[in-house]
Amino acid sequence: MPSAQLPRAVFAMDPVHLPLLFPEPLLARLRRTADIDPALVVRDLADPAAASALAGAEILVTGWGCPRLDERALAAAPKLRAVLHAAGSVRSLVGDALWERGVRVSSAVTANAVPVAEYTLAMILLAGKNFFALRESYRRTHTQPTSAETAPIGNLGRRVGVIGASRVGRRLLELLRPFDFEVLLHDPYVDTAEAAALGARLLSLEELLTRSDIVSLHAPDIPETHHMLDRARLSLIPDGGFLINTSRGALVDHAALTDELVSGRLQAVLDVTDPEPLPAGSPLYTLPNVVLTPHIAGSLGNELARLGEIVVAEAERLAGERPLEHEVRHADLARVA
């Protein structure tokens, strides 16, 4: 099909991400589907240099670094009919004006869930072996642990509590199936039958915290989940229990969590914190029972191509007048990230 007949599309993101999101084979597929110039990557939708391209754009291919799509942005793109987001959450990207105009939105959040779930699985397995404490002990003493020290550990029958049957949560539940864990789930939008189909036993949040050896957070950051793990709920996790957070730092009361970790009662793997990063003087950087990682669970490096693959496939569906597979609807934002 000649390029003049293809829908006009524009990249809107930080250009540093473009080569990893769309390596050459993916970029070639996208250019067969949409008239898009890889040399034009817009960060400011009010930029006069981008005005002509935006004026004719039917599709915006967005990513990290794209400005919020509010009334002003939409005025620059009067023909816009779809936003294909090569990243996860669209909550901070899309404004009410976009929904009111009927612009369709798609997100690559499903692809981003894959490495987050993989990271979480790795941390669960290591936590069950008490890897982090034993590593510190070995560094300090240069001796192997005694049988008495290793008797309480292991992954056979370990109780893993998953908070949130989000895309990451569901992917993690899939990954947990081959292991000999007892898997517990809390999610207010899931019933007992669906939880069982996902391979988990549905519990209230308080029951899950009380019963779990390892708790993994996968809920969205919405007003209802702010500090959902407060001081009272953190106290329900059994002594020596692990908290893994790869979701958002605001889900946890970090002052309360810091107190629990400084006391040594709990252990934690935190890929996200509140604030992020933590202040330089935070004790969490040096506590032996805490593993801090700099928000690396999500897509990095060559994993970004998964996000681009979803965008290209969605563009092909648009061109073929087929339904979007990863469409986000306005009503979804009340309960998703």
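Cut-offs applied
- Residue positions are given per chain, counted from 1 along the sequence in the order it is written.
- Totals for whole chains, interfaces and linings use every residue, but because this is a predicted model, local features are given only for residues with pLDDT of at least 70 and side-chain atom pairs only at 80 or more, for both listing and counting.
- Side-chain measures were taken over the full set of non-hydrogen atoms in the model, leaving aside hydrogen atoms and water.
- UniProt positions are given in the numbering used here, feature names are shortened, and annotations may be inferred rather than shown by experiment.
- For the purposes of this entry, the term helix denotes a DSSP run of H or I that reaches at least four residues, the term strand denotes a run of E that reaches at least two, and both are numbered from the N terminus.
- In this treatment the radius of gyration is a C-alpha quantity, and the globule benchmark scales as 2.2 Å times the residue count to the 0.38 power.
- Remark: exposure states derive from per-residue accessible area (1.4 Å probe, protein chains only) relative to the maximum for the residue type, with buried under 20%, exposed over 50%, and partly exposed in between.
- Any pair of residues with heavy atoms lying within 4.5 Å of one another is described as a contacting pair.
- The method behind every accessible area is Shrake-Rupley, applied with a 1.4 Å probe, and residues are considered shielded solely by the protein chains displayed.
- In this tally Asp and Glu are treated as negative and Lys and Arg as positive; neither His nor the chain ends contributes.
- Taken as the charge centre is NZ of Lys, CZ of Arg, CG of Asp or CD of Glu, depending on the residue.
- The directions from the helix axis to the C-beta atoms are what the arc is built from.
- Criterion used throughout: strands pair if DSSP finds at least two bridges between them.
- As used in this structure description, the phrase polar contact means that two N or O atoms lie within 3.5 Å; if the pair is within protein, one of them must be able to donate a hydrogen and the other to accept it, and residues adjacent in sequence are counted only when both atoms belong to side chains.
- By convention, a stacked pair of Phe, Tyr or Trp rings (six-membered ring in the case of Trp) has centres within 6.5 Å and planes under 30 degrees apart, an edge-to-face pair has planes over 60 apart, and any other such pair is tilted.

- By the naming in an unreviewed UniProt entry, the protein goes by Hydroxyacid dehydrogenase and is assigned to Streptomyces roseirectus.
- We quote the UniProt Sequence similarities (unreviewed entry) comment for the protein here in full: "Belongs to the D-isomer specific 2-hydroxyacid dehydrogenase family."

## As for the overall build of the protein
(1) Moving on: Each helix and strand in the protein was counted, giving 14 helices and 13 strands.
(2) Moving on: Against the compact-globule benchmark of 20 Å for 337 residues, the protein has a radius of gyration of 22 Å, which places it among compact chains.
(3) Moving on: Going through the 337 residues of the protein one by one, you find that 50% of them count as buried.
(4) Moving on: Across the protein, the fraction of contacts at a sequence separation of at least 24, relative to all contacts at a separation of at least 6, is 65%.
(5) Moving on: Total accessible area on the protein is roughly 15,700 Å²; 54% of this is exposed by carbon and sulfur atoms.
(6) Moving on: Positive and negative charge centroids in the protein, built from 33 and 41 side chains respectively, lie 3 Å apart.

## Some words on the UniProt feature "domain: D-isomer specific 2-hydroxyacid dehydrogenase NAD-binding" (unreviewed entry) in the protein
(1) Moving on: Here the UniProt-annotated "domain: D-isomer specific 2-hydroxyacid dehydrogenase NAD-binding" (unreviewed entry) positions come out as residues 121-297.
(2) Moving on: The span residues 121-297 is 34% helical and 15% strand by assignment, and the distance between its end C-alpha atoms comes to 11 Å.

## Digging into helix 9 (residues 167-176)
(1) Moving on: Along helix 9, the residues that are buried comprise Val168, Gly169, Leu172, Leu173, Leu175 and Leu176. Along the long axis of helix 9, the arc covered by the buried residues comes to 160°, so they all point the same way.
(2) Moving on: On its buried face, helix 9 sits against helix 6 (109-128), strand 6 (159-163), strand 7 (182-186) and strand 9 (214-217).

## Notes on the sheet that holds strand 11 (residues 267-270)
(1) Moving on: In space, the 7 strands of this open sheet follow the order 8-7-6-9-10-11-12, with parallel pairing throughout. Of all strands in the sheet, those bounded by a partner on one side alone are strand 8 (201-202) and strand 12 (290-292).
(2) Moving on: Sheet analysis places strand 6 next to strand 9, joined by 4 bridges and oriented parallel. Paired with Gly161 across the two strands is Val215, which belongs to strand 9.

## Notes on the side chain of Arg265
(1) Moving on: Along the polypeptide, Arg265 turns up in the loop between helix 13 (254-263) and strand 11.
(2) Moving on: Side chain to side chain, Arg265 and Asp239 meet in a polar contact 2.8 Å long.
(3) Moving on: Once residues lying within four places of it in the same chain are set aside, the contact partners of Arg265 are Leu234, Ser235, Ile237, Pro238, Asp239, Gly240, Gly241 and Glu260.

## A closer look at the packing of aromatic side chains
(1) Moving on: One pass over the full model with this rule turns up 4 aromatic pairs.
(2) Moving on: Plain terms: the ring middles of Phe11 and Phe22 are 5.4 Å apart, the flat faces sit at 50° to each other, and that makes the pair tilted. Of the two residues, Phe11 is situated in strand 1 (residues 8-12) and Phe22 in the loop between helix 1 (18-21) and helix 2 (24-33); the sequence distance between them amounts to 11 residues.
(3) Moving on: Residue Phe11 is classed as buried on the basis of its relative accessible area of 0%.
(4) Moving on: Ring centres 5.7 Å apart and planes at 50° place the aromatic pair Phe132 and Phe242 in the tilted group. With Phe132 in helix 7 (residues 131-141) and Phe242 in strand 10 (residues 242-245), this residue pair connects regions lying 110 residues apart in the sequence.
(5) Moving on: Owing to a relative accessible area of 4%, Phe132 belongs among the buried residues under this scheme.

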